[in-house]
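# Coordinate analysis (summary)
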Amino acid sequence: MTTPILTRPRILTGDRPTGRLHLGHLAGSLQGRVALQDTHDLFVLVADVQALTDHFDRPHTVHDHVPEVMLDYLAAGLDPTKVTFVLQSAVPELAELTLYLLNLVTVSKLRQNPTVKTEIAQKGYGEAVPAGFFIYPAAQVADIVAFGAQVVPVGEDQQPMLELAREVVRRFNSLYGPTLTEPQAQLSAVPRLPGLDGGAKMGKSLGNAIYLSDTPEEVRRKVMGMYTDPGHLRASDPGRVEGNPVFTYLDAFDPDPARVAALKAHYRAGGLGDVTLKRHLIEVLEALLAPMRARRTTFAAEPSAVRRLLQQGTARGRAEAACTLKRVRSVLRLHEC
């Protein structure tokens, strides 16, 4: 792995390995990461420990998807000579750092976090929420500061998480002196991609996603079954563009905005059928995904090489986390044996 340029700003991002990555990940984060790898010192965290907070009864799911997520990263265009991939569970310093930072986070603050509240409701935990899941925002703060991240890409729904990190860092530095780096948010310009069923979110657990590793046949089947405008019964009928997932996907992935604008005008006026529109989307997605499938096949043929990439990146990540933890233990005046 090449030595990163130290003057580049450090950036941290990542995913939970609970399933294969899909077009929502591509639009929301992966495409941005591919661009950032040329301008930033990019750390990508495979957050398997965080995944266990709500998959503790299915550890095999998390274990099996670590290599799958790595293949998705490499297929999407993340360059292992420019990116540091880190396996969360192989950096034990993160757990110790989390314990220290939890002293600066109140139960009330965690309970009021809108992202946590939403996820608790979605999962139906009620008062039976696992403590590990409840405190994972504090663990995310540890992830960010351990690697000295200066920039963290977030969507609008994740802003409370990053604001918590900023608050914790400010309080820590106020109590103990300048020790931790306060991260800045980099907001995603891409809106959340809806599910194929028209749902507000494309999700691994919702069965409404197109995966980066889907075959051409799977992509075609899923696109042809997509929700569109229920009032658009005949091709001659005027159709609604707003709230139509097919157009949202074209906005996200068609490289020709003028062509998309023309299709929208045609659809609104009538005379453009859903089948024709979906066939165009299939062509757009195939042009996007075909090179990814080829890269995935190449890397999948050498699983030991992919493991080495993760091991090498994790070694660098652990060294960074160890340095941060050493500074934290020093200002906390902890005894060394």
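Provided above is the structure to which this section pertains.
Residues numbered from 1 in each chain as written. Predicted model: local features only at pLDDT ≥ 70, side-chain atom pairs only at ≥ 80, totals over all residues. Heavy atoms only, no water.

### A word on the overall build of the protein chain
In terms of regular secondary structure, the protein chain is built from 14 helices and five strands. Considered along the principal axes of its C-alpha atoms, the protein chain spans approximately 80 × 45 × 40 Å. Taking all 337 residues of the protein chain together, 49% fall into the buried category. In the protein chain, 77% of the contacts between residues at least 6 apart in sequence involve partners at least 24 apart. Here the protein chain displays about 16,300 Å² of accessible surface, and carbon together with sulfur accounts for 56% of that area. Mean positive and mean negative side-chain charge positions of the protein chain (38 and 36 charges, respectively) differ by 3 Å. (Helix = DSSP H or I, 4+ residues; strand = E, 2+ residues; numbered from the N terminus. Buried < 20%, exposed > 50% of the residue type's maximum accessible area, 1.4 Å probe, protein only. Contact = heavy atoms within 4.5 Å. Areas by Shrake-Rupley, 256 points an atom, 1.4 Å probe, with all protein chains shown as cover. Lys, Arg positive; Asp, Glu negative; His and termini not counted. Charge placed at Lys NZ, Arg CZ, Asp CG, Glu CD.)

### Digging into the layout of surface pockets
Where empty space is left can be seen by rolling a probe of water-molecule size over the atoms. Considered as a void within the structure, the second largest pocket measures approximately 390 Å³ in volume. The wall of the second largest pocket is formed by 23 residues, among which H63, V66, P67, R307 and L310 lie closest to the centre. Elements with a minimum of two residues in the lining of the second largest pocket: α2 (48–55), α3 (59–76), α13 (274–300) and α14 (303–331). Here the residues of the lining of the second largest pocket are counted per class, giving 15 nonpolar, four polar and four charged. (1 Å grid on protein atoms, 1.4 Å probe; cavity = no way out; pocket = protein on both sides within 12 Å on 5 of 7 lines; lining within 4 Å. Points joined across faces, edges and corners; volume = space filled by probe spheres on them. Nonpolar A, V, L, I, M, F, W, Y, C, P; charged D, E, K, R; others polar.)

### Re the side chain of H280
Mapping H280 onto the fold places it in helix α13. The buried category is assigned to H280, whose relative accessible area is 14%. What H280 contacts, discounting residues up to four positions off in sequence, is L250, D254, R259 and L263.

### So, the side chain of Q50
Position of Q50 relative to the elements: it lies in helix α2. Q50 gets classed as buried once you look at its relative accessible area, which sits at 13%. Among the polar contacts listed, one links the side chain of Q50 to the side chain of Q140, at a separation of 3.3 Å. Those residues in contact with Q50 that sit more than four places away from it in its chain are R16, Q88, Y136 and Q140. (Polar contact = N/O pair within 3.5 Å; in protein donor to acceptor, adjacent residues only side chain to side chain.)

### Things to note about unusual backbone geometry
Most peptide bonds adopt trans geometry, and most residues besides glycine take a negative phi value. One non-glycine residue with positive phi stands out, namely R333, at about 60 degrees. Looking at the secondary structure, you find R333 in the segment after α14.

### Quick notes on helix α9 (residues 159–176)
With 18 residues, α9 extends 26 Å between its outermost C-alpha atoms, agreeing within 8% with the 26 Å of an ideal straight helix rising 1.5 Å per residue. Within α9 the residues assigned to the buried category are M161, L162, L164, A165, R166, V168, V169, F172 and N173. One or two positions beyond α9, positive phi appears at G177, with a value near 100 degrees. (Expected span 1.5 Å × (residues − 1).)

### Concerning the environment of T115
Assignment of secondary structure puts T115 in helix α6 (residues 114–123). A sequence separation of 150 residues divides T115 from A265, and the C-alpha atoms of the two residues are 37 Å apart. Once residues lying within four places of it in the same chain are set aside, the contact partners of T115 are Y136, D157, Q158, P160 and M161.

### Thoughts on the pattern of salt bridges
Proximity of charged atoms lets side chains of opposite charge pair with each other. One pass over the structure, following the stated rule, counts 25 salt bridges. Between E167 and K109 there is a salt bridge, with the nearest N and O atoms lying 3.3 Å from each other. Taken together, the residues span a long stretch of sequence, with E167 in helix α9 and K109 in helix α5 (residues 107–112) at a distance of 58 residues. For E167, a relative accessible area of 29% translates into the label partly exposed. A salt bridge links R293 to E286; the shortest N-O distance between them is 2.8 Å. Exposure class is identical for R293 and E286. Each is buried. A cluster of three or more residues bridged by salt bridges with shared partners is formed by R10, D41, R316 and E320. (Salt bridge = Lys/Arg side-chain N within 4 Å of Asp/Glu carboxyl O.)

### A closer look at the pairing of strand β1 (residues 10–15)
For a regular strand, side-chain orientation follows a simple rule: the groups alternate between the two sheet faces. Among the six residues that make up β1, five are buried, leaving the element largely enclosed by the rest of the structure. Judged from the six bridges that link them, β1 and strand β2 (residues 41–46) form a sheet pairing that is parallel. Bridging across to β2, I11 finds its partner in L42. On the question of chirality, the crossover connecting β1 to the parallel β2 by way of helix α1 (residues 23–36) is right-handed. (Pairing = 2+ DSSP bridges. Right-handed = clockwise from strand over helix to strand, strands pointing away.)

### Concerning the nonpolar core
In this structure, L23, L26, Y73, F85, L250 and F253 are the most contacted members of the largest nonpolar core, which totals 54 residues. Apart from the residues lying within four places of it in its own chain, the contact partners of L26 are Q31, A76, L212, F253, L288 and M292. Membership of the second largest hydrophobic core comes to 41 residues, among which are L12, Y100, I120 and V168. (Core = buried A, V, L, I, M, F, W, Y, C linked by side-chain atoms within 4.5 Å.)

### Notes on the environment of P291
With respect to the secondary-structure elements, P291 resides in helix α13. When its relative accessible area of 37% is taken as the criterion, P291 is described as partly exposed. Sequence separation of P291 and D197 is 94 residues, and the distance between their C-alpha atoms is 26 Å.

### Structural notes on α1
Between its first and last C-alpha, α1 extends 19 Å over 14 residues, near the 20 Å set by a 1.5 Å rise per residue. Within α1, the axis deviates most sharply at S29, by approximately 45 degrees. Taken as a whole, α1 has its buried residues at L23, H25, L26, A27, S29, L30, R33 and L36. (Bend = angle between axes of the 7 residues up to and from the residue.)

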